[in-house]
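Notes for the structure review
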Amino acid sequence: MNINKVKSFGKINLALHVTGKRTKLHKIESIVKFIKLHDLITIKKINSKKHKVSFYGIFSKNINKNNTVNKLFTILDDQKLLNNKKFQIKIKKNIPQEAGLGGGSMNAANIFSFLIKKKFIKLNQKKILEITNSIGSDVILGINSINTVLSSKNIIKKFPKSPNFHTLLVRPNFGCSTKKIYSGVKKYTKPIFNDPKQNMFSPKFLLKQENALEKVAFLKYPKLKIIKSFLENLNKPLFVRMTGSGSVLVAYYQKKQDCELAKVRFKRKYRNYWCITSKTI
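Now for a look at the structure at hand.

Before going further, it helps to examine the side chain of Thr19. Along the polypeptide, Thr19 turns up in strand E1 (residues 3-21). Setting aside its immediate chain neighbours within four residues, Thr19 contacts Lys27, Ile28, Glu29, Ser152, Tyr188, Thr189 and Pro191.

Structural data, given as structure tokens:
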């Protein structure tokens, strides 16, 4: 059987606003890019009665059996979309959990995208959206790892070309529960991304934006606010912003040299925190 390898790139929210609430989930709008940091997925079709999903690597501990990948295969099997085909999935986890980088969601998205591209399943866009939403609200973003503006109307627009950044990503020795962070949101903002444009990826536009979830995260975890203030004084980043519901904070730079030097300075103070540089793609 052929062994296929797929890169599952990390997702970063350059801006994120909470604009309201649906029945269960909050309505958000976001400007999203992907970074070179990735999990590595090995996919192999096997002769078996069950799918075999396993994780290894630095961030593979304590992954729940009810993870996004297992959810995907449960849905595909229940709807008989794979015609009883079974797969072995091995995922090297380089992206930390509870980080706001969409690691698990992007894993499911990339496996789903692979199965569609290789014609193991045939689905229209409406069905793809239905399945991804059943797994998680941000899974649809990873079907194509391209710069994206997500509107509050849940409409996605892709922008293949936009300015790239050198990013310094840091994570303290704790994660943030997405559910807990969103449960703390009390105020909503007026949508401003409903007419997506290319210039929304420009530093000038992004400087005026925010991640609305920072307010909640900083109240629950004051250490994050301290780290953000420290990052803002490392080699003059364009801006510093939490991604997703945290706990990773991202400092954005135009020059690689500035970004790498900032990493050295950060590690001097916070030796035990995860810290990595990665360019956007």
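Moving on to the layout of surface pockets. Quantified by volume, the largest pocket comes out at close to 1,700 Å³. Taken together, 50 residues make up the lining of the largest pocket; nearest its centre are Ser105, Gly136, Ser137, Asp138 and Thr178. Going through the elements one at a time, E1, strand E2 (26-46), helix H1 (68-78), helix H2 (103-117), helix H3 (125-135) and helix H4 (178-183) are the ones with two or more residues in the lining of the largest pocket. Along the lines of polarity and charge, the residues of the lining of the largest pocket split into 16 nonpolar, 25 polar and nine charged.

Once that is clear, we can look at H1. Among the residues of H1, Thr68, Val69, Leu72, Phe73, Ile75 and Leu76 are the ones counted as buried. For H1, the buried positions fall inside an angular range of 160 degrees around the axis, keeping them on one side. Next to the buried residues of H1 lie strand E3 (52-56), strand E4 (86-92), H2 and H3. With its phi angle positive at about 55 degrees, Lys80 sits one or two positions after the end of H1.

Our next topic: the pattern of salt bridges. Taken as a whole, this structure holds six salt bridges when the rule is applied. We note a salt bridge from Lys127 to Glu130, for which the minimum N-O separation is 3.1 Å. Of this pair, Lys127 and Glu130 both sit in helix H3, three residues apart, roughly one helical turn. In this structure, the salt-bridge partner of Glu214 is Lys228, at a minimum N-O distance of 2.8 Å. On the criterion of sequence distance, the pair formed by Glu214 in helix H6 (residues 214-220) and Lys228 in helix H7 (residues 222-231) is long-range, its members being 14 residues apart. Assessed through its relative accessible area of 9%, Glu214 is described here as buried. A relative accessible area of 14% places Lys228 in the buried class.

Bringing the pairing of E3 into the picture now. Bridge analysis of E3 against E4 gives five bridges, and the strand direction is parallel. Bridge pairing links Lys52 to Gln88 in E4.

The next subject is the nonpolar core. Core analysis: the biggest nonpolar cluster contains 35 residues, and Leu168, Leu231 and Phe266 have the highest contact counts within it. With sequence-adjacent residues up to four places away left out, Leu231 is seen in contact with Leu168, Val170, Pro237, Val240, Leu249, Tyr253 and Phe266. Listed in part, the 27 residues of the second largest apolar core include Ile41, Leu72, Leu81 and Ile89.

A separate point is the packing of H2 against H3. Two elements in contact, H2 and H3, have axes whose closest approach is 11 Å; the angle formed by their N-to-C orientations is 155 degrees. With respect to each other, H2 and H3 are oriented roughly antiparallel. Crossing of H2 over H3 shows right-handed handedness. Along the contact surface, H2 presents Ala108, Phe112 and Ile116, while H3 presents Ile128, Ile131, Thr132 and Ile135. Looking at the contact of H2 with H3, its residues break down into six nonpolar, one polar and no charged.

What follows covers H7. An α-helical turn contains 3.6 residues, so a residue and the one three or four places further along point in the same direction. When H7 is considered as a whole, its buried residues turn out to be Leu224, Ile227, Lys228 and Leu231. Burial along H7 is one-sided: seen end-on, the buried residues are contained in an arc of 100 degrees. Of the residues in H7, the exposed ones pointing more than 90 degrees away from the buried face are Pro222 and Lys225. Those residues of H7 that are buried are in contact with strand E7 (166-171), H6, strand E8 (239-242), strand E9 (249-253) and helix H8 (256-269).

One key point about sheets: their strands pair by backbone hydrogen bonds, in either a parallel or an antiparallel sense. If you trace the four strands from one edge of the open sheet to the other, you get E8-E9-E7-E10, paired in antiparallel fashion. A strand with exactly one partner marks an edge of an open sheet, and here the two such strands are E8 and strand E10 (274-279). On average, adjacent strands in this sheet sit at an angle of 20 degrees to one another, irrespective of strand direction. Where H7 meets the sheet, its contacts fall on E7, E8 and E9, and the angle it forms with E9 comes to roughly 10 degrees.

How each quantity is defined
Residues numbered from 1 in each chain as written. Predicted model: local features only at pLDDT ≥ 70, side-chain atom pairs only at ≥ 80, totals over all residues. Heavy atoms only, no water. Helix = DSSP H or I, 4+ residues; strand = E, 2+ residues; numbered from the N terminus. Contact = heavy atoms within 4.5 Å. 1 Å grid on protein atoms, 1.4 Å probe; cavity = no way out; pocket = protein on both sides within 12 Å on 5 of 7 lines; lining within 4 Å. Points joined across faces, edges and corners; volume = space filled by probe spheres on them. Nonpolar A, V, L, I, M, F, W, Y, C, P; charged D, E, K, R; others polar. Buried < 20%, exposed > 50% of the residue type's maximum accessible area, 1.4 Å probe, protein only. Arc of directions from axis to C-beta. Salt bridge = Lys/Arg side-chain N within 4 Å of Asp/Glu carboxyl O. Pairing = 2+ DSSP bridges. Core = buried A, V, L, I, M, F, W, Y, C linked by side-chain atoms within 4.5 Å. Axes fitted to C-alpha atoms, helices over the stretch in contact; angles between N-to-C directions. Parallel < 35°, antiparallel > 145°, perpendicular 65-115°, else oblique. Left-handed = near helix turned anticlockwise from the far one by under 90°.

In short, geometric facts, not functional conclusions.
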